[in-house]
Amino acid sequence: MLRLIASRLLYAVLILLGVILVVSSLVKLVPGDPVDVLAAGNPGMSVANMDALRETMGLTRSVPEQFIAYLGGAIQGDLGTSIRQGAPVTTLIMERLPATAELAFWALLLALVVAVPLGVITALKRNSWVDYLGTFIAVLGVSTPGFLLAVLMILWFSIELRWIPASGYRGSAFMALGQAIVERDFSIFWSSFRYFILPAISLAFVLIAVNARLIRSAMLEVLEQDYINFAAAKGVPRFIIVVRHALRNALLPVVTMAGLQMGSLLSGTVVIETVFAWPGIGRLAVDAIHVRDYPVIQAVVIVSALLFITLNLLVDGLYRIIDPRVRDE
Amino acid sequence: MSLNKLSPQEFDALSRDYLKRFSLSRRGFLTGAAALGAAAGLGLPGMAMAQDANGTLRVGRSEEPDTLDPHRTTLSVSSTTMDLIYEPLARRDYEGNVFAGLAESWEFSNENRTLTFKLKPGVTFHDGTPCDAEAVAWTVARHLNPDNASPSAFFLGPLERAEAIDAVTVAYHFTEPFVPVWVGLTLGYSAPISPTAAEASGDQFGRQPVGAGPFRLASWSTDRGIRLERNADYGAVNTPARLEAVEFFHYPEDATRLAAFETGEIDAIYTGGSVPLDAVRRLRQNPDAIVLERPAQMMRALVFNQRRAPFDNANVRKAFAHAIDVERMIAFALDGNAAVATSPIASAISGYSPATADLAYGYDPDAAKKLLAEAGHAEGLRVTLVTNDTPVIRRTAEIIQAQLAEVGVEVAIETLPIAQWSAITSQGGQDMVISTYSYTDADIVYPVLHSTGALNRAFHDNAELDALIAEQRVTVDAAERQVILDEIQALVISEAYWKPLFEPLNFAVVSTKVEDAQLNTAGELRPDLMAIKS
């Protein structure tokens, strides 16, 4: 077990190194640097001004030189300083990550809460109208771009009905929940949670579709197993068979999927964060790319890679706990 | 004529005149703005009535400032935010005239290489630090320090240092006389910052800025935006603001920003492209909205790369100029929200030459075909147009593509993000480019048309043009300078170096409960002069 963990960690470090190398070279292969962005908007800046700035910003150094300097810092946890904002990149990311993480949590929660029953019901009522409806929703979910749904929901729920705000983020809903419980005032929670509703639905929609289909096929497979027939023959109530014997096993692939989905949600739900003016790391990355803020771009990619690797490790571990077959291998 | 020979009074007049903007020239304000016009007079400095401050103005913008450290940014959204927090030595009114800010008077000396300011006494920064000559000199030293690599230092021009002479006197020593001195000195970039605060917060100063302006930063967080609160001690400088607070939220997505306005979450949208052009029609019909507009000191043009064939041939350039119907372009790409441009200098900039309108190659596809045939391209040709990814520019490019197709020219459009666009086009990696600038002075011809200019995308080789451009920079007499500027513009248009396209309008939208909203020449509102109906 220890050897396994050690090899996994070594593997993770290698992946990270590769990611840094690829990103830092790719980003610099593309023409244009932060000074080009500055100059494009400032006719008063002369060619001499631009050259002097490049020199002082360290942009004239060669790519390997910059890479080695960056790596040296990264090992000590210093991901550099944002060229545009002058603030340490780690600070910027830590500021934005909670907003993304919480949104990802609510989206995934919503996706699972809807997808699991939907998947089970469509499997049980196979080839009935319920199944067809479920399939229809799934196809719709997979093929509807998240941003389209987002804009439609803003038009309908915010502008037409004025139920929920169109955009923005007003602090963590978890924190608000805590405060609401202490002060026994539910409106505190609502005032911050309502901003999560539309973006979470937009993100969850496609996940619901994918997960529901996944559970449906897993359920169908499991329901044909001998032990299900045996349990039924033994007289175990249908509900118990479905929930305890079938669903538990059918959920296995969902654990993997949910892990990966959480990873991609965490590493920045770029489009949705832009549409809903959500201050997360997806938007941080987009803004940084626009102005060629290299340290920020690199750091967001590295942090995303780190999140993916960590989640993968967690899923692997979880698998070993819930599926004895994997443990034996 | 040397600038050193001018009397200090003349130089002062010249440098201030240099900045004068004729922005209300042609169309003036439309609709809602006109109704506000009379009331807006009340908002001008020195005329504001003593009133109790009340109300919070909530503003939606498309961008968030990167930092509010004036020495670390050149982003315009940061600049306009800083103008509220910091107090520059001088400011500009709605017409672009210079008036006293932190300084109550100034004079040039030492053959116009020294500019000495008398500061208003008793001014303090928001943290209580005295805002005196010492602080001004300290700020300039920080700005010019090469270790700080300030991207905004170029706004100061050839400034060598600032010297505190006594508590309220500070001298700016330039290495040479610098006519556009007010272009930078009236902006937040060059306003004094609190030395105590800057030293205490170090790298974090951009997030905790302390100035002497009409508002102080109360909070700035990624989730709640930026909140500025009224500086009650601003009376030592100018009339204190009537608003209790201003809050800036940023919404990168147009639809979301508009939704926030329509649902009453915000009271105003302005700055840069924050009011989307395709929403103007809808906003004008909204009874709760006042749409303000004003011609921008900005223009967009199609610029031909003369270093490449076929644009080394003047007839081809003229043919292209003839093939484009700008009026139709404005109707389709901008929903009519722009004016036809005729010269490389926007008509809202002093120095614009109206004669260029007669010299232009107007829409005439037959003439275009004929010129192309004469140049040996009767069977058509193929060129690339490199554009950046701004929606309006992209649409403009598509219309150019369609219109040129009618005369047998196939245009391949390459759309690039701004940094890449900038890098590639500055190396001449394009046949044509849609060039944009925003500037306040006719000296814009230097960066965009001089062969060594930082934004020259025509890559021509014309010693005569270069000489004219250099000459207008040092020509003191306004009439004389105009003659040179006329010549420059006539040359560029008749030789079709550029096909000027259009001059955009700046827009702002405010809710009807907002009072005294007026756009300045930069297309900004001035919350320090505005109020909210209670």
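All values reported here derive from a predicted model rather than from experimental measurement.

Peer 1: Could you give an account of the nonpolar core, with specific residues and numbers?
Peer 2: In terms of nonpolar packing, the biggest core is built from 153 residues, with B:L57, B:L115, B:F117, B:L119, B:Y172, B:L228 and B:L525 touching the most fellow members. It is helix 9 (residues 186-223) of chain A that contributes the most residues to this core, twelve residues altogether. Contact partners of B:L115, with chain neighbours within four places excluded, come to B:W106, B:E107, B:F108, B:V170, B:A171, B:Y172, B:F174, B:V181 and B:L185. Judged by nonpolar contacts, the second largest core, of 51 residues, contains B:L277, B:L302, B:A333 and B:A338.

Peer 1: Can you break down the environment of B:F332 residue by residue, with the values?
Peer 2: Residues and elements named next belong to chain B. By the secondary structure assignment, F332 is in helix 10 (residues 326-334). Owing to a relative accessible area of 59%, F332 belongs among the exposed residues under this scheme. Once the C-alpha coordinates of F332 and R395 are considered, the two residues, 63 residues apart in sequence, prove to be 8.4 Å apart.

Peer 1: Break down the side chain of A:S192 for me, with residues and values.
Peer 2: Residue and element names in this part refer to chain A. Mapped onto the elements, S192 comes out in helix 9. Reaching out from S192, the side chain makes a polar contact with the backbone nitrogen of A173 at a distance of 3.5 Å. Leaving out residues up to four positions away in the same chain, S192 has contacts with R170, G171, S172, A173 and A176.

Peer 1: Can you explain helix 7 (residues 146-160) of chain A? Please cite residues and give values.
Peer 2: Compared with an ideal rise of 1.5 Å per residue, which puts 15 residues at 21 Å, helix 7 of chain A spans 20 Å between its outermost C-alpha atoms and is within 8% of the ideal. When the local axis directions of helix 7 of chain A are compared, the greatest deviation, roughly 25°, occurs at A:I154. Residues of helix 7 of chain A that are buried sit in contact with helix 9 and helix 13 (270-275) of chain A together with helix 7 (254-262) of chain B. Phi for A:R162, located one or two positions after helix 7 of chain A, is positive at around 55°.

Peer 1: Explain the confidence of the model for chain A to me, and be specific about the residues and the numbers.
Peer 2: Overall, the predicted model of chain A reaches an average pLDDT of 83, with 98% of residues at or above 70. No element of chain A has a lower mean pLDDT than helix 16 (residues 324-328) of chain A, at 67, and none a higher one than helix 5 (residues 89-124) of chain A, at 89.

Peer 1: Please provide a residue-by-residue account of the sheet that holds strand 4 (residues 103-109) of chain B, values included.
Peer 2: Residues and elements named next belong to chain B. Pairing is antiparallel in the open sheet, where four strands are placed in the order 4-5-7-6. The open sheet is flanked by strand 4 and strand 6 (159-166), the only strands paired with a single partner. Adjacent strand axes in the sheet meet at a mean angle of 20° when their direction is disregarded. Note that strand 6 and strand 7 (residues 169-174) share six bridges and pair antiparallel.

Peer 1: Could you give me a rundown of a nonpolar patch on the surface, with the residues and numbers involved?
Peer 2: A contiguous nonpolar patch, built from A:F105, A:L109, A:V113, A:V114, A:F174 and A:M175 and spanning about 550 Å² of accessible area, is present on the exposed surface. Breaking the nonpolar patch down by element, the ones donating at least two residues are helix 5 and helix 8 (173-183) of chain A.

Thresholds, definitions, all that
- Residues numbered from 1 in each chain as written.
- Chains lettered and ligands numbered in written order.
- Predicted model: local features only at pLDDT ≥ 70, side-chain atom pairs only at ≥ 80, totals over all residues.
- Heavy atoms only, no water.
- Core = buried A, V, L, I, M, F, W, Y, C linked by side-chain atoms within 4.5 Å.
- Buried < 20%, exposed > 50% of the residue type's maximum accessible area, 1.4 Å probe, protein only.
- Helix = DSSP H or I, 4+ residues; strand = E, 2+ residues; numbered from the N terminus.
- Contact = heavy atoms within 4.5 Å.
- Polar contact = N/O pair within 3.5 Å; in protein donor to acceptor, adjacent residues only side chain to side chain.
- Expected span 1.5 Å × (residues − 1).
- Bend = angle between axes of the 7 residues up to and from the residue.
- pLDDT = per-residue confidence, 0-100.
- Pairing = 2+ DSSP bridges.
- Axes fitted to C-alpha atoms, helices over the stretch in contact; angles between N-to-C directions.
- Patch = residues over 30% accessible without salt bridge, like charges linked within 9 Å, V, L, I, M, F, W, Y side chains within 5 Å.
- Areas by Shrake-Rupley, 256 points an atom, 1.4 Å probe, with all protein chains shown as cover.
- Salt bridge = Lys/Arg side-chain N within 4 Å of Asp/Glu carboxyl O.

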